[in-house]
Amino acid sequence: MVKKKEKYDFSLYEYHNLMNQNILVSYKGPIDERIMTVIGENILLVTNDGGDKAKNKIFKVFMELAQNVWLYSAESCKLENGKSVGLGTLVVSECGNSYTFVTGNVVNNADVVPVIEKCETINSLDRDSLREYRREQRRLANEGKPNSGNIGLIQVALTAESPLDIELTPVNDDESFLSIAVKISKDNFRNS
Amino acid sequence: MELENIEIEGSHKNFFTPTVKFDAKTGICELSGESFLEDTAEFYKPLVDWLVEFTTKIKRPIAFIIKLTYFNTSTSRCILDLLNVLKDYEDEGGEVTVNWHYDENDSDMQEDIEDYMIDTGLNINIIPF
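Just so you know, these numbers come straight off a predicted model, no measurement behind them.

Rules and cut-offs
- Residues numbered from 1 in each chain as written.
- Chains lettered and ligands numbered in written order.
- Predicted model: local features only at pLDDT ≥ 70, side-chain atom pairs only at ≥ 80, totals over all residues.
- Heavy atoms only, no water.
- Helix = DSSP H or I, 4+ residues; strand = E, 2+ residues; numbered from the N terminus.
- Contact = heavy atoms within 4.5 Å.
- Core = buried A, V, L, I, M, F, W, Y, C linked by side-chain atoms within 4.5 Å.
- Buried < 20%, exposed > 50% of the residue type's maximum accessible area, 1.4 Å probe, protein only.
- Patch = residues over 30% accessible without salt bridge, like charges linked within 9 Å, V, L, I, M, F, W, Y side chains within 5 Å.
- Areas by Shrake-Rupley, 256 points an atom, 1.4 Å probe, with all protein chains shown as cover.
- Salt bridge = Lys/Arg side-chain N within 4 Å of Asp/Glu carboxyl O.
- Lys, Arg positive; Asp, Glu negative; His and termini not counted.
- Charge placed at Lys NZ, Arg CZ, Asp CG, Glu CD.
- Expected span 1.5 Å × (residues − 1).
- Buried area = accessible area lost by both parts, 1.4 Å probe.
- Polar contact = N/O pair within 3.5 Å; in protein donor to acceptor, adjacent residues only side chain to side chain.

*Asks:* Explain the environment of Ser32(B) here, please?
*Replies:* Residues and elements named next belong to chain B. Tracing the sequence through the fold places serine 32 in strand β5 (residues 28–35). For the pair formed by serine 32 and leucine 80, sequence separation is 48 residues and the distance between their alpha carbons is 15 Å. Filtering out sequence-adjacent residues up to four positions away, serine 32 remains in contact with Pro18, Thr19, Lys67 and Leu68.

Next comes the structure, spelled out in structure tokens:
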């Protein structure tokens, strides 16, 4: 007997059209080192403005934001090799004079306040003060995470030369979806 | 007891392992390539321990050379640990030279090196390539 075709309520065409809006790269799934490295290096193939200076900034910003999801996502999955990695979404888009990097992942509400406070502090500081803040935070212990430098978001803001845009959407009583966006203006590559 | 040299060949696969050459006889210690590791603290701890051993027992002049084209922020914390050992040695009268080579297109790296100088109090020769 032929099985009845099941209705499939997700339109890949609509998703494709949505993703066509200046999106260079989008990814949703487990974020492990392979994914970060492959996407990070592939972004450089599609961001052609600005030469080596641009490539340095784009790669560094992408890698730090992706590592943030890797380390702090409240959703994780176990890979074939037994390792547990964070789940999240990474999107890079190009619009006019800038590239925008957005990451999203679920976080425990209990962990949200320090992240928001850190972003607010980062956005309130000028470059010299931000460098001082990075020095101060780098001196502190790594908060029990063997791969945490404690300064990832500060580094992102310094490298992108732009503030962090943070958005929090409640998912349930215990968790929220945290989205962090940052722009890199192409002017940064032209000015020395 | 002789302090053994450290030689680690760098790789650029899923993670990026830096090339490490710490020579106990010449005192020339080089860290180069890229650093993005599965467990950063675990990788760098033996390097910090080696420097402590060298600077407290062998006590010869040391030339520390960094040529990293990319390192993530967890590595940046470990670099601070390495430089702090060198600063302690210098404060105790040890002869320390630090040469940090960076890609001239990477002005963010130049700023970061300047911040390490402020943070550690070490004089770092900042050399573009």
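There is more to say after this.
*Asks:* When you look at the nonpolar core in this model, what are you seeing that I'm missing?
*Replies:* Burial of nonpolar side chains together is a common tendency in soluble globular proteins. In this structure, Ile58(A), Phe62(A) and Phe101(A) are the most contacted members of the largest nonpolar core, which totals 47 residues. Considering each element in turn, this core owes the most residues, eleven residues, to helix α3 (residues 51–72) of chain A. Not counting residues within four places of it along the chain, the set of residues in contact with Ile58(A) comprises Ile43(A), Leu44(A), Thr47(A), Tyr99(A), Phe101(A), Ile184(A) and Phe189(A). One finds Leu47(B), Val48(B), Ile62(B) and Met109(B) within the second-largest nonpolar core, a separate group that totals 37 residues.

*Asks:* Can you walk me through a negative patch on the surface in this structure?
*Replies:* Taken together, the side chains of Asp126(A), Asp128(A), Glu132(A) and Glu136(A) define an acidic patch exposed on the protein surface. Structurally, the position occupied by Glu136(A) is in helix α5 (residues 127–139).

*Asks:* Looking at this structure, how should I read α3(A)?
*Replies:* Helical geometry note: an α-helix holds 3.6 residues per turn, so side chains three or four residues apart project in the same direction. Under the 1.5 Å per step criterion, the end-to-end length of α3(A) is 32 Å for 22 residues, consistent within 8% with the ideal 32 Å. Buried residues dominate α3(A), accounting for 18 of its 22 residues.

*Asks:* Hey, could you run me through the interface of chain B and chain A in this one?
*Replies:* Frequently, the measure chosen for interface size is the accessible area removed from exposure when the parts meet. In this assembly, 31 residues from chain B lie in contact with 32 residues from chain A. In total, about 2800 Å² of surface goes out of reach between chain B and chain A, with carbon and sulfur atoms giving 44% of it. When the buried area of chain B at its contact with chain A is split by residue, Thr73(B), Arg77(B) and Asp108(B) rank highest and sum to 21% of it. Summed over the shared surface of chain B and chain A, the result is 13 salt bridges. The residue Lys83(A) makes a salt bridge to Glu38(B) at a minimum N-O spacing of 3.1 Å. Linking chain B with chain A are 22 residue pairs in polar contact (both at pLDDT 80 or more).

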